[in-house]
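So the chains spell out like this:
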Amino acid sequence: MAHARTVHADLLRVFVLTLVSLFAIPAATLAFTEYALRSQDAEFLQAMENRIAKDARLSAADKAEATAFYRSHQLSKACDATAPEDRNFHDKVCSPYSMHWQFHWADRAALWTIVLGAALLVAALVLGALAFANRGLRYASFVAGWRLMTVSSAVEVVLQSAMLVWLSFWLTAYFWHSYYIKLIAIAGIAAGAAVFYAIYTLFKKLPSGNEIEGELVSQADAPRLWERIRQLAGRVKTTPPDQIVAGIDTNFFVTEAPCEVKGRPLQGRTLFVSLPLLRVLDQTEADAVLAHELAHLGGGDTRSSAALGPKLLQFDQYTWKMRSGGLTIVAHYLLRLYRMIFAFALARDSREREYKADRVAAGLTAPHAIVQSLIKISAYASYRNDVEQKLFEQDREHDGALGIARFVADGLPPYANSPAFIEAMKTAGVPHPYDSHPPLLERMRNVGHHVPESAYGGIVSTVPQASWADEIETADAIEQRLWSEYEQRFVQNHELSLAYRYEPATEEERAVVLRHFPPIGFALKNGERIDISYEGMHPSTDGGSTIPWDEVKSLTYKDSSFGDTLIVTHFDKGMLGARTTKVKLAGLGKQKENFKGAVGHYWRRHQIMRAQQQQHLQQP
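Residues numbered from 1 in each chain as written. Predicted model: local features only at pLDDT ≥ 70, side-chain atom pairs only at ≥ 80, totals over all residues. Heavy atoms only, no water.

1. Some points on the overall build of the protein
Phase 1: Looking only at helices and strands, the protein features 20 helices and 13 strands.
Phase 2: Looking at the 620 residues of the protein, the share that counts as buried comes to 45%.
Phase 3: Pairs at least 24 residues apart make up 71% of the contacts formed inside the protein by residues separated by at least 6 positions.
Phase 4: Accessible surface computed for the protein: about 31600 Å², of which carbon and sulfur atoms make up 58%. (Helix = DSSP H or I, 4+ residues; strand = E, 2+ residues; numbered from the N terminus. Buried < 20%, exposed > 50% of the residue type's maximum accessible area, 1.4 Å probe, protein only. Contact = heavy atoms within 4.5 Å. Areas by Shrake-Rupley, 256 points an atom, 1.4 Å probe, with all protein chains shown as cover.)

2. Some thoughts on the side chain of Gln-160
Phase 1: As for its position among the elements, Gln-160 is in helix H6 (residues 135-176).
Phase 2: What makes Gln-160 buried here is its relative accessible area of 2%.
Phase 3: Separated by 3.4 Å, the side chain of Gln-160 and the backbone oxygen of Leu-22 make a polar contact.
Phase 4: Among residues more than four places away in sequence, those in contact with Gln-160 are Ser-21, Leu-22, Ile-25, Pro-26, Thr-113 and Val-330. (Polar contact = N/O pair within 3.5 Å; in protein donor to acceptor, adjacent residues only side chain to side chain.)

3. What about the nonpolar core?
Phase 1: Judged by nonpolar contacts, the single largest core of 66 residues is most densely connected at Leu-278 and Ile-375.
Phase 2: Among the elements that take part in this core, helix H13 (residues 367-393) stands out by supplying 11 residues, more than any other.
Phase 3: For Ile-375, the contacting residues outside a window of four places in its chain are Met-425, Leu-440, Met-444, Val-451, Tyr-456, Ile-459 and Val-460. (Core = buried A, V, L, I, M, F, W, Y, C linked by side-chain atoms within 4.5 Å.)

4. Notes on the sheet that holds strand E10 (residues 547-548)
Phase 1: Taken in spatial order, the four strands line up as E7-E8-E9-E10 in an open sheet, and their pairing is antiparallel. The sheet is open, and its two edges are formed by strand E7 (520-523) and E10, each paired on a single side.
Phase 2: Of the strand pairs in this sheet, strand E9 (residues 536-539) and E10 are connected by two bridges, and their pairing is antiparallel. Looking at the pairing, Gly-536 lines up with Pro-548 of E10. (Pairing = 2+ DSSP bridges.)

5. With respect to the sheet that holds strand E2 (residues 243-247)
Phase 1: Strand order across the open sheet formed by four strands is E1-E2-E6-E3, with mixed pairing between neighbours. Two strands lie at the open edges of the sheet, namely strand E1 (215-217) and strand E3 (253-255), each paired on one side alone. Averaged over all adjacent pairs, the angle separating strand axes in this sheet is 30 degrees, with direction ignored.
Phase 2: With three bridges connecting them, E1 and E2 associate as antiparallel partners. Each bridged residue has a counterpart across the sheet, and for Leu-216 the counterpart in E2 is Val-245. (Axes fitted to C-alpha atoms, helices over the stretch in contact; angles between N-to-C directions.)

6. What to know about unusual backbone geometry
Phase 1: Between Glu-503 and Pro-504 the backbone carries a cis peptide bond, its omega angle lying at 0 degrees.
Phase 2: With respect to the helices, strands and loops of the structure, Pro-504 is situated in the loop between helix H18 (475-501) and helix H19 (507-516).
Phase 3: Positive phi outside glycine occurs at Lys-237, with the angle close to 65 degrees.
Phase 4: For Asn-526, which is not glycine, the phi torsion reads 60 degrees and is therefore positive.
Phase 5: Looking at the secondary structure, you find Asn-526 in the loop between E7 and strand E8 (529-532).
Phase 6: Given the relative accessible area of 70%, Asn-526 is considered exposed.

7. As for the pattern of salt bridges
Phase 1: With the rule as written, the count across this model stands at 28 salt bridges.
Phase 2: Linking Arg-269 and Glu-256 is a salt bridge whose minimum nitrogen-to-oxygen distance equals 3.9 Å. Placement of the pair is Arg-269 in the loop between strand E5 (264-266) and strand E6 (270-274) and Glu-256 in the loop between E3 and strand E4 (259-261), with a sequence separation of 13 residues.
Phase 3: In this structure, Arg-351 and Glu-442 form a salt bridge, with 2.7 Å as the shortest nitrogen-oxygen distance. On the criterion of sequence distance, the pair formed by Arg-351 in helix H12 (residues 329-364) and Glu-442 in helix H16 (residues 440-447) is long-range, its members being 91 residues apart.
Phase 4: Taking the relative accessible area as the measure of exposure, Arg-351 reaches 28% and is therefore partly exposed.
Phase 5: The partly exposed category is assigned to Glu-442, whose relative accessible area is 25%.
Phase 6: In the salt-bridge network here, residues are joined through shared partners; they are Arg-279, Asp-476 and Glu-479. (Salt bridge = Lys/Arg side-chain N within 4 Å of Asp/Glu carboxyl O.)

Structure, rendered in structure tokens:
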């Protein structure tokens, strides 16, 4: 229930942000233009009536006719007056690029941008709703939505960026009769960058990598396993996989999407088997899992995923790139809203596919076989996650091989008979790389075989008499290589984490921090320099006093033609408010962006370190 509330709250938040991103700038533009256009109507009419009244050349009848004309032709409607008899009025008031002409077209652009935004919002909701209908319509819905949303969102970026630049000039010019070049330049640069980024990303071919971490198992390496899979595929009435990939991840899956293994491209049907899981499953339980995965092949699930998967990945990449492009944020939330709605449809379909595949597996083997395999897989995945989390949380470096595989294998039986295991299994799902799987208890009900919680430990602790891992001649060598590579990455990531966590307090900790955060120096004008370290900033200018990170509340970089300046705001107060220190950076030149990145990176490290310390102090 808590997860459902979180999902609904997130959906509501994204929906509200979508409304803001679609309508805030055009609505502000429309409100401003309408106010400006309407506010001058009365003043314009009074001025024209006074001029007409004072014009001695006009007869009383002419004055009455002229007065009636201007009373029926408001200034705010001048650009809409296109009748032949109104041409003179239109041309005088609404000449191209005049103030009134600009306000008129800005008003129309804002209105139609709001209409476009509303249409896009409706389209996102309708196309999202169609995704719930069936698999074929879901694919067509997403392809249509993908093209419509990406192109239209880019158009939104262009329109709203233009409005923002226009507002940056006219808001101050209209109300205060002055304008600010710097404000216009900032808005123009941001708008130009956003437009370029949106259009460039729209036409850029985004990567669609689908690398599987494992190694191929040939028929010569595992003839009996291959034969068993062919038999099961025949009973499922589907074509067997073209290749089997063995790895150490805690799941089984099939895919028909193009993928890579060790740099080798694979086409066709691929079955991934987990060697650690095969070792805890007996052959009947493993058969149930294999039958389940083959049922996905037979049911067209993988074919659908192969067609839709790359498009989903590219859509997601485009969506998140729109978040990092400044003003392109106006496109991000619409794309994200559509993707969230579509994800709900995929999740519902995924659950139905899992239920169906479980029933197929139970029919080909036995209901207890699929249930017991689910319990074992869930238990192994849960315990391995706990082991790795505890290893990663350790505040000391790991030396040599970690031995995660052996640690998990030896510790799984005791864990399976602990209260923590039963609690974890109450909401357990079976891990899978692509689909959201139903909870374990629902899958038991689906196949009509219930196992009480008290029996979980015995099932997990039972050592299989024979496993399909024993039938893979290369299994031991594959596991050894993959675990070695995995643990090397684990140790490297753990050390990087320690570099963020250490203050440091000892020479050993200092060595770890310095490996990842060595001092960086930047040359300045007249032989001056500024050094950045994990301790703080060390400028040679202004007396050369060090500014420790603990004293930094915020940082502001000021550009200047006479030399840039970094303004450091401290936590303590000065004579006139918050105390600040100005670090002069004359001569930084082309090093500017590298300097900004280094300062932000090292300051962020310090903040994370202090937050970790505070968290440890608050723990009981």
